[in-house]
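# Fold and contact review
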Amino acid sequence: MAATTPSFAFSGISSSSKLHRISASSSYSYSLRPITPLRAHSAFKSAKIAAAISIGDKLPEATLSYFDSEGELQTATISDLTKSKKTILFAVPGAFTPTCSQKHLPGFVEKAEELKAKGVNTIACVSVNDAFVMKAWKADLNVGDNVLLLSDGNGDFTKAIGCEMDLSDNPIGLGVRSRRYAMLVEDGVVKVLNLEEGGAFTASSAEDMLAVL
């Protein structure tokens, strides 16, 4: 039976976008617990940091994955997310980690309507976690559809923009993750980039993005 293109509740990606359905079972259960704030801070503080993309650069193409509102696994390219659109992409070091779960993601969920009133079409959170973990995180925080949670599971996009953060030397087991950032992208070009050092959270909040808009 031919697959039909699904509709999407979040702003900025229409049913005509080049999104691809993947056959996968969504009947998974999770027992995930956040690491403590003290241990997370210590791990991020000692991270090895690479050079990053800059304002004025065009984002490289990459494919990210997510579960839609019907529980189907989908993929979206950077072009799907940013072409002819004003998009906010923000990244977190890890789903279920303290600052990401308590402040960063909830802040964008809370301010989503205000950001869209300023002309933002799509708001998306990127993390080097698999799509199943991102799905569980979305459900745990009751995120809804105003913010899209995207899996960069292999870190390909994160590495392509030079935002990887190597936590391999730490005992928590996070490996290579993404630096925390928030960027405003217009038609694929970076217009604003608030990139944090280590696991800091000082310039990449929803309020910071509202201020520049």
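Predicted, not measured: the structure shown is a model, and the values here were computed from it. (Residues numbered from 1 in each chain as written. Predicted model: local features only at pLDDT ≥ 70, side-chain atom pairs only at ≥ 80, totals over all residues. Heavy atoms only, no water.)

## Section: the overall build of the protein
Stated formally: In this description a helix means any DSSP run of H or I spanning at least four residues, a strand means any run of E spanning at least two, and both kinds are numbered starting from the N terminus. Contacts: residue pairs with any heavy atoms within 4.5 Å of one another. In these tables, accessible area is a Shrake-Rupley quantity obtained with a 1.4 Å probe, and a residue counts as shielded only by the protein chains included in the view.
Each helix and strand in the protein was counted, giving seven helices and 11 strands. Counted over contacts in the protein with a minimum sequence separation of 6, partners at least 24 positions apart contribute 68%. Summed over its atoms, the accessible surface of the protein is roughly 9,900 Å², and 48% of this surface lies on carbon and sulfur atoms.

## Here's the deal with the confidence of the model for the protein
To keep things clear, this is the line we draw: What pLDDT expresses is the predictor's confidence in each residue, scored from 0 to 100.
Per-residue confidence for the protein averages 82 on the pLDDT scale, and 76% of its residues sit at or above 70. pLDDT under 50 marks residues 1-50. Its contacts with residues more than four places away, or in other chains, come to 94 contacts.

## Considering the environment of Thr 158
Note the following rule: Here's how the labels work: a residue is buried when its accessible area is under 20% of the maximum for its type, exposed when over 50%, partly exposed in between, all with a 1.4 Å probe on protein chains only.
Within the secondary structure, Thr 158 sits in helix H6 (residues 156-160). Given the relative accessible area of 1%, Thr 158 is considered buried. In the structure, Thr 158 is positioned 67 residues away from Ala 91 in sequence and 9.0 Å away in space, judged by C-alpha atoms. Those residues within four positions of Thr 158 in sequence are excluded, and the remaining contacts are Val 128, Asp 152, Cys 163, Glu 164, Arg 177 and Ser 178.

## Re the packing of aromatic side chains
Our working rule: Here a Phe, Tyr or Trp ring, Trp counted by its six-membered ring, pairs with any other such ring whose centre lies within 6.5 Å, and the pair is stacked when the planes are under 30 degrees apart, edge-to-face when over 60, and tilted otherwise.
One pass over the structure, following the stated rule, counts two aromatic pairs. Where Phe 90 meets Phe 108, the ring centres are 4.0 Å apart and the plane angle is 10°; that geometry is what we call stacked. Here Phe 90 is found in strand E5 (residues 86-91), whereas its partner Phe 108 is found in helix H3 (residues 98-110), with 18 residues between them in sequence. An identical accessibility class is assigned to Phe 90 and Phe 108; each is buried.

## Observations regarding the pattern of salt bridges
Our working definition: What makes a salt bridge here is a side-chain nitrogen of Lys or Arg within 4 Å of a carboxyl oxygen of Asp or Glu, nothing more.
Tallied over the full model, the rule gives three salt bridges. As a salt-bridge pair, Lys 111 and Glu 114 come within 3.5 Å of each other at their nearest N and O atoms. Lys 111 gets classed as buried once you look at its relative accessible area, which sits at 16%. Here Arg 179 and Glu 197 are joined by a salt bridge, their closest N and O atoms 3.4 Å apart. Residue Arg 179 is located in the loop between strand E9 (175-178) and strand E10 (181-186), and its partner Glu 197 is located in the loop between strand E11 (189-195) and helix H7 (206-212); the two are separated by 18 residues in the primary sequence. The class for Arg 179 is buried, based on a relative accessible area of 4%.

## Digging into the UniProt feature "active site" (unreviewed entry) in the protein
Rule in force here: UniProt positions are given in the numbering used here, feature names are shortened, and annotations may be inferred rather than shown by experiment.
UniProt's feature table lists "active site" (unreviewed entry) at Cys 100, given in the numbering used throughout. Relative to the helices and strands, Cys 100 resides in helix H3. Here Cys 100 is in contact with Val 92, Pro 93, Gly 94, Leu 105, Pro 106, Trp 137 and Arg 180, once residues within four sequence places are set aside.

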